[in-house]
Amino acid sequence: MKTGLLVAIIFLTFAGFRVSTQTPAVAFNSKTIQMKQYSLLVRVPITYSTEQAKEVGPEWEGLIEKWKTERVYVLSFAFPGEGFTVSGPEKVVKKEYTLSGALRVVSNIVVQAETIEQAIEHAKECPILVHGGSVEVREIPNPLIPK
């Protein structure tokens, strides 16, 4: 694993990426708005360096704190270590990453929003984008809410 990716994963792991105790509904002007949960799958270029990870670290910290204040952040986790794929009817196991172009998933952030459009706006705030990364947004149907 490249050193830069390892630094990014370690940073994401220790940057406050943990379960929040917030509720999925928000009171607003005497009416309750039901929030949906969305997965933000964060991908970085294979060439993502240690310098880039260090540069982007404080930006991630600030964004996560902002989202916590806005009650958008639910939880997140990095994927440290190596990945394995299991495929086909033979259930062949390979030590590899599934790439999307030249990008691979390194973390998942769960946010809450009323609509997917709002979740996409949150994804646009992710600092990895200026380093050639991407963020895929998907709605989480029937999420399990921590008690």
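Refer to the structure printed above.
Not measured: the values here are computed from a predicted model. (Residues numbered from 1 in each chain as written. Predicted model: local features only at pLDDT ≥ 70, side-chain atom pairs only at ≥ 80, totals over all residues. Heavy atoms only, no water.)

**Student:** Quick question: what am I supposed to make of the overall build of the chain here?
**Tutor:** Along the backbone of the chain there are three helices and eight strands. Each helix and strand of the chain, ordered N terminal to C terminal, gives the series α-β-β-β-α-β-β-β-β-α-β. For the chain, buried positions account for 39% of its 147 residues. Relative to all contacts within the chain whose residues are 6 or more apart in sequence, the contacts with residues 24 or more apart total 79%. Total accessible area computed for the chain in this model is approximately 8800 Å², and 58% of it derives from carbon and sulfur atoms. (Helix = DSSP H or I, 4+ residues; strand = E, 2+ residues; numbered from the N terminus. Buried < 20%, exposed > 50% of the residue type's maximum accessible area, 1.4 Å probe, protein only. Contact = heavy atoms within 4.5 Å. Areas by Shrake-Rupley, 256 points an atom, 1.4 Å probe, with all protein chains shown as cover.)

**Student:** Looking at this structure, how should I read the sheet that holds strand β3 (residues 36-45)?
**Tutor:** Strand-to-strand pairing in sheets goes through backbone hydrogen bonds, with the strands running parallel or antiparallel. In space, the four strands of this open sheet follow the order β4-β7-β3-β8, with antiparallel pairing throughout. Across the chains shown, the open sheet's two edge strands, defined by having one partner strand only, are β4 (73-78) and β8 (134-140). Going from strand to strand, the sheet's axes swing by 20° on average, the running direction of each strand aside. In terms of strand pairing, β3 meets strand β7 (residues 103-113) through ten bridges, oriented antiparallel. Paired with V44 across the two strands is R104, which belongs to β7. (Pairing = 2+ DSSP bridges. Axes fitted to C-alpha atoms, helices over the stretch in contact; angles between N-to-C directions.)

**Student:** I'm lost on the nonpolar core in this one. Help?
**Tutor:** A general feature of soluble globular proteins is that nonpolar side chains tend to end up buried together. Within the largest apolar cluster, 23 residues are counted, with the highest numbers of intra-cluster contacts made by L40, W60, W67, I109, V111, C126 and I128. Counting only elements with at least two residues in this core, the list comes to β3, α2 (50-69), β7, α3 (116-123) and β8. Among the elements that take part in this core, α2 stands out by supplying six residues, more than any other. Those residues in contact with L40 that lie beyond four places of it in its chain are W67, S107, N108, I109, V111, A119, A123, V135, E136 and V137. (Core = buried A, V, L, I, M, F, W, Y, C linked by side-chain atoms within 4.5 Å.)

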